[in-house]
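Spelled out from the first residue to the last, the chains are:
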Amino acid sequence: MAKQEKAIAAQSELEAAVSAGVEAIPRRRKSAWTEAIQDVVLRVAGVLALVFVWWILSLIFPATLVPRPMETFGEVAAIVTTGDFFYEMGATLRRVLVGFGIAMVVAIPLGIVMGTLRSLESFFEPPVILGLTMPGLIWAVLMIMFFGLTETSAYAAVAVTICPMLAISIWQGTKSVDKDLIDMSKAFHASPWSKVMDVIIPQLISHILAAIRYGLGLAWKVVVVVEMFGFSNGVGYQVVRGFNIFSMKAVLAWAITFLVVMIIIEFGFIGWLERVVTAWRPKIEAWRR
Amino acid sequence: MAYVRVENAVKYFPREDGSEMLVLDGVSFEAKEFGITCLLGPSGCGKSTLLNIITGLERLEQGRAEVVSNHRESGKEDPRLGYVFQDPRLLNWKRVEDNLIFALKGMGIPREVWDERVEKYLSLVGLIEFRKQYPLYLSGGMRQRVGLARGLVIEPEVLLMDEPYSKLDHLTARKLREDTLEICARLKQTALLVTHDVEEAAFMGDRIVIFSPRPAHIADIFDNPLPPLERDMDDSRFIQFKKKLLQSVMRLIKTEEV
Ligand SMILES: Nc1ncnc2c1ncn2[C@@H]1O[C@H](COP(=O)(O)OP(=O)(O)OP(=O)(O)O)[C@@H](O)[C@H]1O
Ligand SMILES: [Mg+2]
C-alpha cells in the first residue's frame, strides 16, 4: 500500500519534472521586453553609482572644489532653460560635424585607394602614419596660427586630426575585402562604380562605423581645445570662462551638458545608423552572458 | 543559339621559383548546344582555369576557347556568360532580388525588363516568396539557388557552373541537381558544368568531357544515351553509363600511377 503510494508519488514527481522541463525551455528565454528593461535598469544604475561617488566626494571637499551634484544639476537646468545651451552647443556641434564631414570625404576614397593599389599605399603610408602620431593639440595650434581665429581653423583642426585615423581604419578594412566577391563582380561585368558601392563599401561598414565612433570621440576633444584658444562661443569657450571665474560648478555643468549630447549622438544616432546598415546580418548574440 | 569550342588550348602558370607549370596541354572539345556539357577531371587539372579562360579572366598561350553564336559575329563583342560558383558568392547586404539586379545591371540589360526577369527566374528556382529576404537568413541550399538564378537571369548564351553542388549536403545537392537539370532542359540552356564526381557527371551531362590529370588533355568524350529527364540513378541503363565513365576515369588514374 505504502509502496504503491510511493510509486505513484514518484511517478507524479517525474511527470512534474518533465512538464517543468518542457515549460522551462520557453521560460529560460527572456522576452525582448524584459531584456530591454533589464538593460535600461543596469545602465541607470551605473550612472547613479557615479553620481553617488561624486556626492560622497562633495561631502568631503569644500563646494569650491567639488560642488554638490544637485546644485550642479540646477546649474545645468539654468544653462538649458536660458537658451545659452543651444547657441553654444550648436556652434560646437557645427564645428565637429563640418570637420568630421571633410575628414570622411577625404578618408574614404583615400583608404580605399590605399587598400587596393599597392603603389599608392607606399606613397600615402608615411604621411598618414605621421598625421596619426601628431597630437590634436599641436594640430589645433598650427591651424589657428595659419587660419587665425576663424571658423575655418576649427573645421581644419578637427578634419586634420581625425582624417588619418579614419583613413587607416578604411585602408585596413579594404585589404580584408573578400577577393571571391570581386571575382564574382568581374564575372558579371560590374562597373568600377558598382564594384566600389555594391561590393567594397558594404564590406567596410563595420570598419567605417568603428571609425565614426573613434573619430567623433577625437573630434570632441580637439574642438574643445580649439575653442579654448580664444573663440567667443562654443562649449570650450564656456568651460574656459568657468575656469577664469573659478566656478567649478559652471565648468562641471558645461561638461555634463556636453557629455549628455555626446551620449545621445553615440547611442541614439550611431546606434540607429548601425541597426539600419546591418539589418542584413542576423543578430547572433547567443554566446554572450 | 550558342556553343563552346575549345581548340588545342595550352596554358602555363608561373611557379614560385620562376619556372613554368603546364596546366592545359592541348585541350580540344566542343560543348553541346542546348545541353549541359560536364567537364570531369581530377582536382587541380585545370577545369576552373578553363572556365576563367572562357570568361576572359585568363589568357591562353596557344589555341583558342570561344563561344560561338549566330547572334554575334565572332570576336566582335563579348559573349554573354552566366556564372555559378562553388560557394554562392552573394552580396549578403543585398536582398535576394537585388543580387539578381546586380548581375542585370552589370551586364547592361535594360531596366524595363529587370522586374519581369527577376520574377521569372526566382520562380524557376522556387524562391519567389523570398525575393525581399537577405541571403544570410536563407539556408545553404537556398543561397545556392539564388546563385543559380543570378547566373540565369541575364539569359546567358552559356551558363558556366564550377562545382556548384560540392559544398551542399547530399540530399540538398541531389534535389538541386534535379531542379537544375529540369530548368536547363526547359530553357534549352547551353551550359558547362565542372565536377569531379562521376555520378554527378552521368546524371547532369548530355556530354561528358573527361580531363586527364595535369597537364590536362582530353582523355575521352561521351554523349549521354539518356535524355535529361529520363535519367534515374537506379535504372540499369544509367548505372551502365556511369560504369563506362568510371572505367575511363580509373584507367587514367592507373596510367598515372605506372
Ligand atoms: N592564378 C594562378 N597562378 C598560378 N597557378 C595557378 C593559378 N590558378 C590556378 N593555378 C594552378 O593551376 C592548376 C589548375 O588549377 P584549377 O583551379 O584550374 O584546377 P581545378 O581543375 O579547377 O581543380 P579543383 O577541382 O580542385 O577545383 C592548379 O595546380 C593551380 O594551383
Ligand atoms: Mg576548380
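See above for the structure.
Presented here is a report on the structure given in the accompanying data block.

Basis of the calculations
- Residues numbered from 1 in each chain as written.
- Chains lettered and ligands numbered in written order.
- Predicted model: local features only at pLDDT ≥ 70, side-chain atom pairs only at ≥ 80, totals over all residues.
- Heavy atoms only, no water.
- Salt bridge = Lys/Arg side-chain N within 4 Å of Asp/Glu carboxyl O.
- Helix = DSSP H or I, 4+ residues; strand = E, 2+ residues; numbered from the N terminus.
- Buried < 20%, exposed > 50% of the residue type's maximum accessible area, 1.4 Å probe, protein only.
- Pairing = 2+ DSSP bridges.
- Right-handed = clockwise from strand over helix to strand, strands pointing away.
- Axes fitted to C-alpha atoms, helices over the stretch in contact; angles between N-to-C directions.
- Contact = heavy atoms within 4.5 Å.
- Buried area = accessible area lost by both parts, 1.4 Å probe.
- Polar contact = N/O pair within 3.5 Å; in protein donor to acceptor, adjacent residues only side chain to side chain.
- Phe/Tyr/Trp six-rings, centres within 6.5 Å; stacked < 30°, edge-to-face > 60°.

## Here we look at the pattern of salt bridges
Two side chains that carry opposite charge are able to pair once their charged atoms sit near each other.
Part 1 of the argument: Counted by the stated rule, this structure contains 33 salt bridges over all chains.
Part 2 of the argument: Between glutamate 266 of chain A and arginine 213 of chain A there is a salt bridge, with the nearest N and O atoms lying 2.5 Å from each other. Here the residue glutamate 266 of chain A occupies a position in helix H11 (residues 248–277), and arginine 213 of chain A occupies one in helix H9 (residues 192–228), the gap between them amounting to 53 residues.
Part 3 of the argument: Accessibility expressed as a relative area gives 31% for arginine 213 of chain A, which makes it partly exposed.
Part 4 of the argument: Aspartate 87 of chain B is paired through a salt bridge with arginine 89 of chain B; the nearest N and O atoms lie 3.3 Å apart.
Part 5 of the argument: A relative accessible area of 23% places aspartate 87 of chain B in the partly exposed class.
Part 6 of the argument: Bridged by salt links that share partners, the residues Glu97, Asp115, Glu119, Arg131 and Lys132 of chain B form one connected network.

## Some details on the pairing of strand S6 (residues 158–162) of chain B
Residue and element names in this part refer to chain B.
Part 1 of the argument: The buried fraction of S6 is high, at five of five residues.
Part 2 of the argument: As paired strands, S6 and strand S7 (residues 190–195) are joined by five bridges and run parallel to one another. By the bridge assignment for S7, aspartate 162 is matched with valine 194.
Part 3 of the argument: For the handedness criterion, the β-α-β arrangement of S6, helix H5 (residues 170–187) and S7 is classed as right-handed.

## Structural notes on the sheet that holds strand S2 (residues 20–30) of chain B
All names here are of chain B.
Part 1 of the argument: Spatially, the three strands line up as an open sheet ordered S2-S1-S4, and their pairing is antiparallel. The two strands at the open ends of the sheet, each matched to only one other strand, are S2 and strand S4 (62–69). Adjacent strand axes in the sheet meet at a mean angle of 20° when their direction is disregarded.
Part 2 of the argument: One ladder, built from seven bridges, connects strand S1 (residues 2–14) with S4; its direction is antiparallel. Directly across from alanine 2, in S4, lies its bridge partner serine 69.
Part 3 of the argument: Contacting S1, S2 and S4, helix H1 (residues 47–55) crosses the sheet at an angle of about 115° to S1.

## A few points about the interface of chain A and chain B
Part 1 of the argument: Residue-level contacts link 19 residues of chain A with 24 residues of chain B.
Part 2 of the argument: Summed over both sides, the interface between chain A and chain B buries roughly 1900 Å², with carbon and sulfur atoms accounting for 73% of that surface.
Part 3 of the argument: Summed over the shared surface of chain A and chain B, the number is three salt bridges.
Part 4 of the argument: A salt bridge links lysine 94 of chain B to aspartate 198 of chain A, with the nearest nitrogen and oxygen atoms 3.3 Å apart.
Part 5 of the argument: At the surface where chain A touches chain B, the tally comes to five residue pairs in polar contact (both at pLDDT 80 or more).
Part 6 of the argument: Looking at the side of chain A that touches chain B, the elements with two or more residues in it are helix H8 (179–187) and H9 of chain A.
Part 7 of the argument: Looking at which element gives the most residues to the side of chain A that touches chain B, the answer is H8 of chain A, with seven residues.

## Some remarks on the packing of aromatic side chains
For any pair of aromatic rings, geometry is given as the distance between the ring centres together with the angle between the planes.
All names here are of chain A.
Part 1 of the argument: The final tally for this structure, using the stated rule, is eleven aromatic pairs over all chains.
Part 2 of the argument: Centre to centre, the rings of tryptophan 54 and phenylalanine 73 are 5.7 Å apart; their planes meet at 75°, and the pair counts as edge-to-face. Taken together, the positions of tryptophan 54 in helix H2 (residues 32–60) and phenylalanine 73 in helix H3 (residues 69–82) put the pair 19 residues apart, joining distant regions of the chain.
Part 3 of the argument: Accessibility expressed as a relative area gives 16% for tryptophan 54, which makes it buried.

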